[in-house]
Amino acid sequence: MSGTLAKIAEIEAEMARTQKNKATAHHLGLLKARLAKLRRELITPKGGGGGGPGEGFDVAKTGDARIGFVGFPSVGKSTLLSNLAGVYSEVAAYEFTTLTTVPGVIRYKGAKIQLLDLPGIIEGAKDGKGRGRQVIAVARTCNLILIVLDVLKPLGHKKIIENELEGFGIRLNSKPPNIGFKKKDKGGINLTATCPQSELDTETVKSILAEYKIHNADVTLRSDATADDLIDVVEGNRVYIPCIYVLNKIDQISIEELDIIYKVPHCVPISAHHRWNFDDLLEKIWDYLKLVRIIAFCVSFVTEIAVVLLFVYYTSKPSKFDFSSPFSALVWGSSVKHNPQKVGKDHTLEDEDVIQIVKK
């Protein structure tokens, strides 16, 4: 492990010394590819053993969605969980109180949402320091991440945590790169760009793929892509998770400072101790989870009595209701022009749609 970390440090130092311009893009792309491969070795060590989250971290996934609380020690994650879910989590005024993953559950708009208070992350987690690797491994399984920050401490903490999550293959508030990538048996590297490229050219793409011993592939760039974008696609193990930055302890700042904080993207200021602004936080959580409430029913005849079977389920957008070919469906709601309207299995449902399954 120490050898891998030394190689990572060496590459990072060389990248820091290298001036970024067109002439060095090829070399920097190669260094980024080597760095990504070394980081993968830290995430999934050779030998296969110890790949799981570890004792105390592996919590069974329950409910309609899972949210992970990530942050430095003593920023108020445990207090937030306790006050949101009513679940006891040991809280004390000293650092590193939570030593294992503490689960809780809340119900919001009928949905059952699992909350995970993850042990305090530290700088260097992605490099195997402390329990950071186990913490971030659990974070990768979440539908939403709350990065909890102390509003009194520098927002540099935000950058550190983002860097740790990025190093573990977690991409926050972003979509997968719009890049087509397909390996083939022969024919070399075929690069197609549907729009102008500011960073990637044929030679840079070839050098990155050569680092992965890929010499035959079709690559299609459908947006202005970076070397990091291409590496993410080739690695294939990235997860794209929405994130909310929860700035805690606003009871200790001025109104003027609070006004500034409200302008930060993806941010919700709160006081976990006083339970201030929880309504805004819950509404933003619901918005970022993109859950859809679908009310489904069917009519069953028992002798001459009609029995209506009704159930509600929660799913992520975009939502399609899967039913087999002998059946069709009637839908009431905002996803159709007429109420009811007959739809097929490819119809996309909206929040609070009502659907009736009908035998053809």
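See the structure above.
Cut-off values and rules
- Residues numbered from 1 in each chain as written.
- Predicted model: local features only at pLDDT ≥ 70, side-chain atom pairs only at ≥ 80, totals over all residues.
- Heavy atoms only, no water.
- Phe/Tyr/Trp six-rings, centres within 6.5 Å; stacked < 30°, edge-to-face > 60°.
- Helix = DSSP H or I, 4+ residues; strand = E, 2+ residues; numbered from the N terminus.
- Lys NZ or Arg CZ within 6 Å of the ring centre and 35° of its normal.
- Contact = heavy atoms within 4.5 Å.
- Buried < 20%, exposed > 50% of the residue type's maximum accessible area, 1.4 Å probe, protein only.
- Pairing = 2+ DSSP bridges.
- Right-handed = clockwise from strand over helix to strand, strands pointing away.

Undergrad: Looking at this model, I keep getting lost on the packing of aromatic side chains. Mind explaining?
TA: Scanning all chains against the criterion turns up one aromatic pair. Centre to centre, the rings of Tyr 108 and Trp 286 are 6.1 Å apart; their planes meet at 65°, and the pair counts as edge-to-face. With Tyr 108 in strand β2 (residues 102–108) and Trp 286 in helix α9 (residues 278–289), the pair connects residues that are 178 residues apart, well separated along the chain. Stacked on the ring of Tyr 212, the Lys or Arg Lys 37 has its end atom at 5.9 Å from the ring centre.

Undergrad: Mind showing me how you'd approach unusual backbone geometry here?
TA: Glycine aside, the phi torsion of most residues is negative, and most peptide linkages are trans. The linkage connecting Asn 339 with the following residue, Pro 340, adopts the cis geometry, with an omega of -5°. You can see Pro 340 is positioned in the loop between β15 (327–332) and β16 (341–343). Even without being glycine, Asn 173 reaches a positive phi, approximately 50°. Mapped onto the secondary structure, Asn 173 falls in the loop between β5 (170–172) and β6 (179–183).

Undergrad: In this structure, what is going on with the environment of Val 151? I would like to understand it.
TA: Examined against the element boundaries, Val 151 turns out to sit in the loop between β4 (144–150) and α5 (156–167). For Val 151 and Leu 258, which are 107 residues apart along the polypeptide, the C-alpha to C-alpha distance reads 9.6 Å. Beyond its immediate chain neighbours, meaning those up to four positions away, Val 151 contacts Leu 247, Asn 248, Lys 249, Ile 250, Ile 253 and Ile 261.

Undergrad: What's the story with the pairing of strand β8 (residues 217–221) in this structure? I'm lost.
TA: In the case of a regular strand, side chains alternate between the two sheet surfaces. What you see with β8 is a clean split: Ala 217, Val 219 and Leu 221 sit on the buried side and Asp 218 and Thr 220 on the side with no burial. Across five bridges, β6 lies against β8 in antiparallel orientation. Note on β8: the bridge partner recorded for Phe 181 is Val 219. In this structure, strand β7 (residues 189–193) lies alongside β8, joined through five bridges in parallel fashion. Note that in β8 the partner of Ala 193 across the bridge is Leu 221. Between the parallel elements β7 and β8, the chain passes through helix α6 (residues 202–211) in a crossover that is left-handed.

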